[in-house]
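Summary of the model geometry
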Amino acid sequence: MKGERRHELKEDELSAAVTHGIDWLKGNFRPVAIGVTLAIVVGLFIGWYVVNVRSAGNEAWLRLSQADQDMSALRLSTFRPDADKKMLKEARKELIERYREIARALPGTEAAVLATLQAGNLLFEHGNYTEAIEQFQAVRNQTKDGLLAQLATRSIGYALEEKGQWDEAAKEFAHAAGLGGDAMAAQSKLDEGRCLKGGGDLKGAKEALKRAVALAPESEAAAEAQQELGRLECAATPAEKAPETGEKPAVQPKVPTSPPTKAGQEKPADK
C-alpha cells in the first residue's frame, strides 16, 4: 500500500517532495527517526501476526492493519511541499483516535496493546511526549510479551530524554536492558550511557557504555559505545585519567617570599 501511494506522485512532485522532506527532517530528525523505527517494528509484527496467527476475518486485526497502512500514507504526505499542515494535524488526531478506539473495543487483547503502542508512537513522533509516555506505560502494564515490554520501556526512555529528564530516562533504559537478549540490552545500555552523560554523570556513563560493549561486542551498539568511550577519554581531565590509588596527592610546601620593597628602598636584612 505504501509503495502504491508513492507511485501516485508525479515525477516532478516526487522530486519536490524529497527536497521538502530533507529540509523538514533537519529540524525533526531524532524524534521522527525513533518514532518511525518503533512504528515500523510494531507494524511488521502486526502484519506477521495477522497472517500467521489470526484469521483474515478478524475485524479488529484488519482495522489495526488498515490503520498502520494509513499511518504510512500520512508520513508520506508530510514530506510533500504542498501539504496542508492543518489537514495533516487533523488526520493525525483522527488516526490516534482510531488506534485508541481499537484498544477500547478489545481490552486485554494483543490488538489493544499494539494499537496503544502505535498511538504512543504517533504522539512521540510529533512532540507530544507526556501523552506518549502515558500510552507506553499502558503497554508495559498490559502486555505479557517481553519484546513489547522492552519496546515500551525504551520508548518511555526516549520520551523522557527528549524532555531533558536525563536521570529518569537513564533508569528506564537500565530497566529495558534487563528485558531482552544481549543485542537489545546492549542498545539499551548505550542509550543509558548517553543519558547519564547528558546528566553529567560521566563515571556512570562510562560504566554503562563498557557494559554495552561487553554484552554484544560485534553489534552496532557496541561499536557506537566504543566511539563514545573514546570521546569521553579524550575529554577527560588529567585528574580523571590518572589511576585511582586511594592516596591523596602530596601537597608541595610553600616557599616563603619576602615582602615587596619600594623603589630606592633597601631590602631588610634577615634576622
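Only a predicted model underlies this, so the values are computations on that prediction, with no experimental measurement involved.

Rules of the game
- Residues numbered from 1 in each chain as written.
- Predicted model: local features only at pLDDT ≥ 70, side-chain atom pairs only at ≥ 80, totals over all residues.
- Heavy atoms only, no water.
- 1 Å grid on protein atoms, 1.4 Å probe; cavity = no way out; pocket = protein on both sides within 12 Å on 5 of 7 lines; lining within 4 Å.
- Points joined across faces, edges and corners; volume = space filled by probe spheres on them.
- Helix = DSSP H or I, 4+ residues; strand = E, 2+ residues; numbered from the N terminus.
- Nonpolar A, V, L, I, M, F, W, Y, C, P; charged D, E, K, R; others polar.
- Salt bridge = Lys/Arg side-chain N within 4 Å of Asp/Glu carboxyl O.
- Buried < 20%, exposed > 50% of the residue type's maximum accessible area, 1.4 Å probe, protein only.
- Contact = heavy atoms within 4.5 Å.
- Polar contact = N/O pair within 3.5 Å; in protein donor to acceptor, adjacent residues only side chain to side chain.
- pLDDT = per-residue confidence, 0-100.
- Phe/Tyr/Trp six-rings, centres within 6.5 Å; stacked < 30°, edge-to-face > 60°.
- Expected span 1.5 Å × (residues − 1).
- Arc of directions from axis to C-beta.

All chains considered together, the criterion is met by one cavity of 30 Å³ or more. Roughly 30 Å³ of internal volume is contained in the largest cavity. Together, Leu-74, Arg-75, Thr-78, Leu-88, Arg-92, Glu-125 and His-126 line the largest cavity. Mapped by element, the contributors of at least two residues to the lining of the largest cavity are α3 (59-78) and α4 (85-105). No other element matches the three residues that α3 contributes to the lining of the largest cavity. For the lining of the largest cavity, the class distribution of residues is two nonpolar, two polar and three charged.

This part is about the pattern of salt bridges. Pairing is possible between side chains that carry opposite charge, provided their charged atoms lie close to one another. If you walk through the whole model with that rule in mind, you get 11 salt bridges. Across the salt bridge formed by Arg-104 and Glu-97, the nearest N and O atoms sit 2.5 Å from each other. Owing to a relative accessible area of 51%, Arg-104 belongs among the exposed residues under this scheme. For Glu-97, a relative accessible area of 30% translates into the label partly exposed. Among the salt bridges present, the one from Glu-228 reaches Arg-231, with a minimum N-O distance of 2.8 Å.

Here we come to the environment of Lys-189. Along the chain, the position of Lys-189 falls in helix α9 (residues 182-198). Considered as a pair, Lys-189 and Leu-209 are 20 residues apart in the sequence and their alpha carbons are 6.3 Å apart. Apart from the residues within four sequence positions on either side, Lys-189 is in contact with Ala-177, Ala-208, Arg-211, Ala-212 and Leu-215. Polar contacts involving the side chain of Lys-189 include one to the side chain of Glu-192, which spans 2.6 Å.

Note: predicted coordinates in regions of low pLDDT should not be interpreted at a detailed level. In the predicted model, the protein carries a mean pLDDT of 76, and the fraction of residues at 70 or more is 65%. Here residues 1-26 is a poorly scored stretch, pLDDT under 50, and it has 23 contacts once near neighbours within four places are set aside; other chains count. Contacts for the low-pLDDT stretch residues 48-57, under 50 throughout, to residues beyond four places or in other chains number nine contacts.

On to the packing of aromatic side chains. Applying the stated criterion to the full structure yields two aromatic pairs. Seen from their ring centres, Phe-124 and Tyr-129 are 5.4 Å apart, and the 65° between their planes marks the pair as edge-to-face. Judged by relative accessible area, Phe-124 falls into the buried class, the value being 2%. On the numbers, 5.1 Å between centres and 65° between planes, the contact of Tyr-158 with Phe-173 is edge-to-face. Taken together, the residues Tyr-158 in helix α7 (residues 146-162) and Phe-173 in helix α8 (residues 166-177) connect sequence positions 15 residues apart. Each member of the pair Tyr-158 and Phe-173 is classed as buried.

Each full turn of the α-helix corresponds to 3.6 residues, which orients residues three or four apart in the same direction. The terminal C-alpha atoms of α4 lie 30 Å apart, and with 21 residues this matches the ideal 30 Å at 1.5 Å per residue to within 8%. Every buried residue belonging to α4 is among Leu-88, Arg-92, Leu-95, Ile-96, Tyr-99, Ile-102 and Ala-103, and all of these are buried. Viewed end-on, α4 has its buried residues packed into an arc of 115°, placing them on one side of the element. The exposed set on the far side of α4, more than 90 degrees from its buried face, consists of Lys-86, Met-87, Glu-94 and Arg-104. For α4, the N-terminal cap is Asp-84; the gap from its side-chain oxygen to the backbone nitrogen of Lys-86 is 3.0 Å.

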